[in-house]
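Residues per chain are reported as follows:
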Amino acid sequence: MTLLVRDLDETALLARIFPLLPAGAATLVGPGDDAAVVAAPDGRYVVSTDVLVEDLHFRRRWSTGYDVGVRAAAQNLADVAAMGGRPTALVVALAIPGDLEVAWVEGLARGLADACSHAGAAVVGGDLSGAGVVMVSVAVHGDLGGAAPVLRSGARPGDVVAHAGVRGWSAAGLALLEAGKARPEDGALGAAGPLARYVAGYLRPAPPLDGGPAAVAAGVTAMLDVSDGLLRDAGRIARASGVVVDLDAVALAPYAADLGAAVAALGRDDDDALGWVLSGGEDHGLLATFPPDAALPAGFTRIGSVRAADGSPRVTVDGLAPDVGPGWDHFRS
Ligand SMILES: [Mg+2]
């Protein structure tokens, strides 16, 4: 008989979860007391929170508990990296229906643990509640290592625009699942085949977390993680910095080419691939600006440049307003 959440009391459920959670170097007091205590060697800490709600951000028929755990951690860890910091500790609030399998919750804990241990971060506590659907709320803390935080407002005319991480994989993976061209199993751990990486990219994004501190070392002037699509997030840097961000279509072409197998499986064309590159969300790559003479850190590719705002701050692709271009409008959300 399958063990369900309602078959256990909270203490028994927590007793199954705690041993799965990762400890981090900064944890002074871990789970088990009323609150955790985490070292902040820098004297300041980075803090952010993000929530995932079933049927809004993920579907249980596609995402395992493990997938949701990785994704919940990844989007929070990416926010710390985007500030130039290293994540130290997560707290996780979990609301779940009573008929959820306990194995699903254990999978979630393993997913959180794997994503965090790559980053050296701990899960130091949380809360459990009943609910009609699964909801995972994570708060992340991080350390700046003595550096100034990297804001969205620091881009200057003449800067280079660069990106680290994948582009469009999550959007392509979701489209493949929605169209029935791929199954969740195609993106399972260890899955092979031409579509596996897109489906995995949707189910379990893997942000380039080391890129945050590396960008700081290289003199980064502005940065964020691309959660809502390249155009929208580049627009945030443009507005915060009061500049024009010019994206270079030639520099973006390899990202579109990288989506070729997904485009082919869906019977779509190159415009659609460019649409995913420009507007696909939830890859959690890092978008950053650097002074023109900076050596880009490993993993970053130059995709454009910054110029003074002649009129309103905005994003262009090859100097044109992307709103009027064909191909990507229908990916807008
Ligand atoms: Mg972010």
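In this text, all values refer to a predicted model and were calculated from it rather than measured experimentally. (Residues numbered from 1 in each chain as written. Predicted model: local features only at pLDDT ≥ 70, side-chain atom pairs only at ≥ 80, totals over all residues. Heavy atoms only, no water.)

### Details of the packing of aromatic side chains
As a reminder, the rule being used: A pair of Phe, Tyr and Trp rings is counted when the ring centres sit within 6.5 Å of each other, with Trp represented by its six-membered ring. The angle between the planes then sorts it: under 30 degrees is stacked, over 60 is edge-to-face, the rest tilted. A run of DSSP states H or I qualifies as a helix once it reaches four residues; a run of E qualifies as a strand once it reaches two. Both are numbered from the N-terminal end. Throughout this description, buried means an accessible area under 20% of the type-specific maximum (1.4 Å probe, protein chains only), exposed means over 50%, and partly exposed covers the range between.
Taken as a whole and judged by the stated rule, the model has 3 aromatic pairs. Between tryptophan 169 and tyrosine 198, the ring centres sit 6.0 Å apart and the planes meet at 80°, which makes this aromatic pair edge-to-face. On the criterion of sequence distance, the pair formed by tryptophan 169 in helix H4 (residues 169-178) and tyrosine 198 in helix H5 (residues 196-203) is long-range, its members being 29 residues apart. There is no split in this pair, since tryptophan 169 and tyrosine 198 are both buried. With a centroid separation of 5.4 Å and an interplanar angle of 80°, the aromatic rings of phenylalanine 290 and phenylalanine 300 are classed as edge-to-face. Residue phenylalanine 290 is found in strand E10 (residues 286-290), and its partner phenylalanine 300 is found in strand E11 (residues 300-308); the two are separated by 10 residues along the sequence. The class of phenylalanine 290 is buried, set by a relative accessible area of 0%.

### A word on the coordination of the magnesium ion
Keep this limit in mind: In this analysis a donor is any N, O or S atom within 2.8 Å of a metal ion (3.2 Å for sodium, potassium and calcium), and since water is not included, sites may seem incomplete.
Bound to the magnesium ion on the protein side are Asp79 (OD) and Asp225 (OD), at distances that span 1.9 to 2.1 Å. Residue aspartate 79 is found in helix H2 (residues 65-82), and its partner aspartate 225 is found in strand E8 (residues 222-225); the two are separated by 146 residues along the sequence.

### Overview of the sheet that holds strand E4 (residues 86-96)
Using the following cut-off: Strands qualify as paired when DSSP identifies two bridges or more between them. Only the stretch in contact is used when a helix axis is fitted, and all axes are lines through C-alpha atoms; the angle between N-to-C directions ranges over 0 to 180 degrees. What makes two residues a contact is simply this: any of their non-hydrogen atoms within 4.5 Å.
Spatially, the 4 strands line up as an open sheet ordered E3-E6-E4-E5, and their pairing is mixed. Where the open sheet ends on each side, the last strands, each with one partner, are strand E3 (46-53) and strand E5 (122-130). Taking the axes of each pair of neighbouring strands and ignoring which way they run, one obtains an average angle of 15° across the sheet. Both E4 and strand E6 (residues 135-143) contribute to a ladder of 9 bridges, which runs antiparallel. Counterpart to leucine 94 in the pairing with E6 is valine 136. Most of the contacts of H2 go to E3, to which it runs at about 150°, and overall it touches E3, E4 and E6.

### Some details on the domain arrangement of the protein
Here is the rule: Residue ranges labeled as domains rest on an automatic or database domain assignment. Once two parts are joined, some of their accessible surface, as seen by a 1.4 Å probe, is lost; buried area is that loss totalled over both.
Per the domain assignment, the segments making up the protein are domain 1 (5-143) and domain 2 (152-331). The distance between the C-alpha centroids of domain 1 and domain 2 comes to 26 Å. Taken together, the contact pairs 21 residues of domain 1 with 21 residues of domain 2. When domain 1 packs against domain 2, close to 1,800 Å² is buried across both sides, 62% of that on carbon and sulfur atoms. Together, Trp62, Arg71 and Ala82 form the three largest contributors to the area buried by domain 1 at its contact with domain 2, with a combined 34%.

### Digging into unusual backbone geometry
With a phi angle near 70°, aspartate 55 is a residue other than glycine that sits in the positive phi range. Looking at the element boundaries, aspartate 55 is found in the loop between E3 and H2. Residue class for aspartate 55 comes out exposed when judged on its relative accessible area of 55%.

### Remarks on the sheet that holds E8
Strand order in this open sheet of 6 strands is E8-E10-E7-E11-E9-E12, and the pairing throughout is mixed. Every interior strand has two partners, whereas the edge strands, E8 and strand E12 (314-317), have only one. Taken pair by pair, the neighbouring strands of this sheet meet at an average axis angle of 25°, ignoring direction. Those strands touched by helix H7 (residues 230-241) are E8, strand E9 (243-247), E10, E11 and E12, and its axis lies near 150° from that of E9. Most of the contacts of helix H8 (residues 249-257) go to E11, to which it runs at about 150°, and overall it touches strand E7 (160-164), E9, E11 and E12.

### A closer look at the nonpolar core
What counts is decided by this rule: Nonpolar core, defined: a set of buried Ala, Val, Leu, Ile, Met, Phe, Trp, Tyr and Cys residues in which side-chain atoms within 4.5 Å join the residues together.
Counting 43 residues, the largest nonpolar core has Val245, Leu247, Trp276 and Leu287 as the members making the most contacts within it. Residues Leu77, Leu94, Ala109 and Cys116 belong to the second largest nonpolar core, which totals 37 residues.

### Concerning the side chain of threonine 88
Secondary-structure assignment places threonine 88 in strand E4. A residue is classified by how much of its surface remains accessible, and threonine 88, at 11% relative accessible area, is buried. Apart from residues lying up to four places away in sequence, threonine 88 is in contact with Ala26, Val38, Gly120, Ala121, Ala122, His141, Gly142 and Asp143.

### Focus on H7
Note the cut-off: Each helix should span, by expectation, one fewer than its residue count multiplied by 1.5 Å.
An ideal rise of 1.5 Å per residue puts 16 Å on 12 residues; H7 measures up with 16 Å between its terminal C-alpha atoms. Of all the positions in H7, only Leu230, Leu231, Asp233, Ala234, Gly235, Ile237, Ala238 and Ser241 are classed as buried.

### A short note on the pattern of salt bridges
Threshold: The term salt bridge refers to a side-chain nitrogen of Lys or Arg lying within 4 Å of a carboxyl oxygen of Asp or Glu.
According to the stated counting rule, one finds 16 salt bridges in the structure shown. Of the charged contacts, one joins arginine 71 and glutamate 282 as a salt bridge, the two residues approaching to 3.0 Å between their closest N and O atoms. Of the two residues, arginine 71 sits in helix H2 while glutamate 282 sits in the loop between helix H10 (270-279) and E10, which places them 211 residues apart along the sequence. A salt bridge links arginine 197 to aspartate 258; the nearest nitrogen and oxygen atoms lie 3.0 Å apart. Of this pair, arginine 197 sits in helix H5 while aspartate 258 is found in the loop between H8 and helix H9 (260-265), placing the two residues 61 residues apart along the sequence. Residue classification places aspartate 258 among the partly exposed positions, given a relative accessible area of 25%. Taken together, the salt bridges that share partners define one network made up of Asp246, Arg307, Asp310 and Arg314.

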